[in-house]
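Residue-level listing of the chains:
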Amino acid sequence: MMHIIHPTAKIHPLAYLDPTTNITVHAGAEIGAFTVVGTRGEFRREGEKNGNVIIGKNTVIREQCTIQISIEGNATYIGEDCYIMNKSHIAHDVIIEDNTTISTGSLIGGYCKIGKSVNLGLGAIIHQRLEIGNGVMVGMGSVITKNVPPYLTIAGSPAKIMGINQRGMERAGLDTDKISNLQENLNMTLKLSGNYMENEYANNMANFIKNYDKVLTEMIK
Ligand SMILES: CC(C)(COP(=O)(O)OP(=O)(O)OC[C@H]1O[C@@H](n2cnc3c(N)ncnc32)[C@H](O)[C@@H]1OP(=O)(O)O)[C@@H](O)C(=O)NCCC(=O)NCCS
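Predicted, not measured: the structure shown is a model, and the values here were computed from it.

Participant: An account of unusual backbone geometry is requested, with residue identities and associated values reported.
Facilitator: In this model, S157 is joined to P158 through a cis peptide bond whose omega is -5°. Relative to the helices and strands, P158 is located in the loop between strand 22 (152–155) and strand 23 (160–164). Located in the positive-phi region is F34, a residue other than glycine, with phi close to 65°. Examined against the element boundaries, F34 turns out to sit in the loop between strand 5 (30–31) and strand 6 (36–39). Despite not being glycine, S117 shows a phi value in the positive range, around 50°.

Participant: Lay out the pattern of salt bridges with the relevant residues and their values.
Facilitator: Applying the stated criterion across every chain, the model contains five salt bridges. R62 is the partner of E63 in a salt bridge, and the nearest nitrogen-oxygen pair spans 3.1 Å. E63 gets classed as partly exposed once you look at its relative accessible area, which sits at 26%. Given the relative accessible area of 32%, R62 is considered partly exposed. Salt-bridge contacts for E97 lead to K113; the nearest nitrogen and oxygen are separated by 3.6 Å. Remark: K113 occurs in strand 16 (residues 113–114) and E97 occurs in the loop between strand 13 (95–96) and strand 14 (101–102); sequence separation between them is 16 residues. One continuous salt-bridge network, built from bridges that share partners, spans E97, K113 and E131.

Participant: Can you explain the site of the ligand? Please cite residues and give values.
Facilitator: Taken together, M85, S103, G121, L122, M137, G139, M140, A155, G156 and M162 form the complete shell of residues around the ligand. Contact between the ligand and L122: an oxygen atom at 2.7 Å from a main-chain N or O atom of the residue. In this structure, a nitrogen atom belonging to the ligand sits 2.8 Å away from a main-chain N or O atom of M140. Considering the ligand on its own, with 910 Å² of exposed area, one finds that the protein chains cover 39% of that surface. Here the residues of the shell around the ligand are counted per class, giving six nonpolar, four polar and no charged.

Participant: Kindly report on the environment of H127, identifying the contributing residues and their values.
Facilitator: Structurally, H127 is set in the loop between strand 18 (125–126) and strand 19 (131–132). Residue H127 is classed as partly exposed on the basis of its relative accessible area, which comes to 39%. Distance in space between the C-alpha atoms of H127 and I108 is 7.0 Å, their sequence separation being 19 residues. Aside from chain neighbours lying at most four places away, what touches H127 is C112, I144 and T145.

Participant: Give a description of the sheet that holds strand 3 (residues 16–17) that names residues and reports values.
Facilitator: In any sheet, the strands associate via hydrogen bonds between backbone groups, in a parallel or an antiparallel arrangement. With parallel pairing, the seven strands of this open sheet are ordered in space as 3-6-9-12-15-18-21. Looking at the sheet topology across the chains shown, the edges are occupied by strand 3 and strand 21 (143–144). Taken together, the two bridges between strand 18 and strand 21 define a ladder with parallel strand orientation. Following the sheet pairing, I125 is matched in strand 21 by V143.

Participant: Outline helix 4 (residues 200–211), listing residues and values.
Facilitator: Taking 1.5 Å per residue, 12 residues should reach 16 Å; helix 4 reaches 16 Å between its end C-alpha atoms and fits that length. Among the residues of helix 4, Y201, A202, M205, A206, F208 and I209 are the ones counted as buried. Within helix 4, the buried residues cover an arc of 160° as seen down the axis, which keeps them to one side. Helix 4 presents K210 and N211 as exposed residues on the side facing more than 90 degrees away from its buried surface. The elements touched by buried residues of helix 4 are strand 19, strand 22, helix 1 (166–171), helix 2 (176–184) and helix 3 (186–190). The N-terminus of helix 4 is capped by N199, whose side-chain oxygen sits 2.9 Å from the backbone nitrogen of Y201.

Rules behind the numbers
Residues numbered from 1 in each chain as written. Predicted model: local features only at pLDDT ≥ 70, side-chain atom pairs only at ≥ 80, totals over all residues. Heavy atoms only, no water. Helix = DSSP H or I, 4+ residues; strand = E, 2+ residues; numbered from the N terminus. Salt bridge = Lys/Arg side-chain N within 4 Å of Asp/Glu carboxyl O. Buried < 20%, exposed > 50% of the residue type's maximum accessible area, 1.4 Å probe, protein only. Near = heavy atom within 4 Å. Polar contact = N/O pair within 3.5 Å; in protein donor to acceptor, adjacent residues only side chain to side chain. Areas by Shrake-Rupley, 256 points an atom, 1.4 Å probe, with all protein chains shown as cover. Nonpolar A, V, L, I, M, F, W, Y, C, P; charged D, E, K, R; others polar. Contact = heavy atoms within 4.5 Å. Pairing = 2+ DSSP bridges. Expected span 1.5 Å × (residues − 1). Arc of directions from axis to C-beta.

Written out as structure tokens, the structure reads:
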């Protein structure tokens, strides 16, 4: 078992990196006090202790988080420039892509995939094996029970769609005209009806929806 810690990574002396598992921490990443990285996935059917955790460049993980090793093939993976606030739980086999923010006390079930530039509000809870598309804003205290198409703002328990995440999309440098067009045609896009296909963001959303049986398309009333 091996830890590969880049010399510029800052590991707080009171962080715990399980010495019996494989952990890679890339340049400039930080791991805060009392955060526990690389312990076994919580799974009643015990997996082999052969997984690993990879933490990308410049990602900050604050205090008291728990991040478990994968129990199947690939790593539990957190990309670059992510910000994981205190007391968040990232279960085994989760993948978090670049530039994503996870607010305090969020709980991410095993095998979830969280896209790029996603923002989870305080205490968001995500059922295992779900995908959250790129650029989604999840309201504080939300319970996510379905796969979530990209670019949406969602909230509630169970979470429903409030609209598109206009601010998040703009911050990520996406085209403002296409964002407005997606907002105008959101209902049509979610229902996979009408002519939205010229807008690549709408197209991405539609392709995500087609990819899953269990996918969030309901608006908050
Ligand atoms: C979801 C969110 C992005 C919506 O922001 P917004 O577009 O400005 O929404 P508003 O505050 O205008 O609220 C619109 C409606 O949604 C409701 N609402 C807002 N956030 C909600 C949430 N998380 N869950 C359920 N309902 C919510 C409001 O009560 C309001 O309902 P009403 O129309 O019946 O009065 C925001 O409320 C949120 O949860 N942000 C995350 C905050 C956070 O966790 N920050 C991290 C700090 S470290």
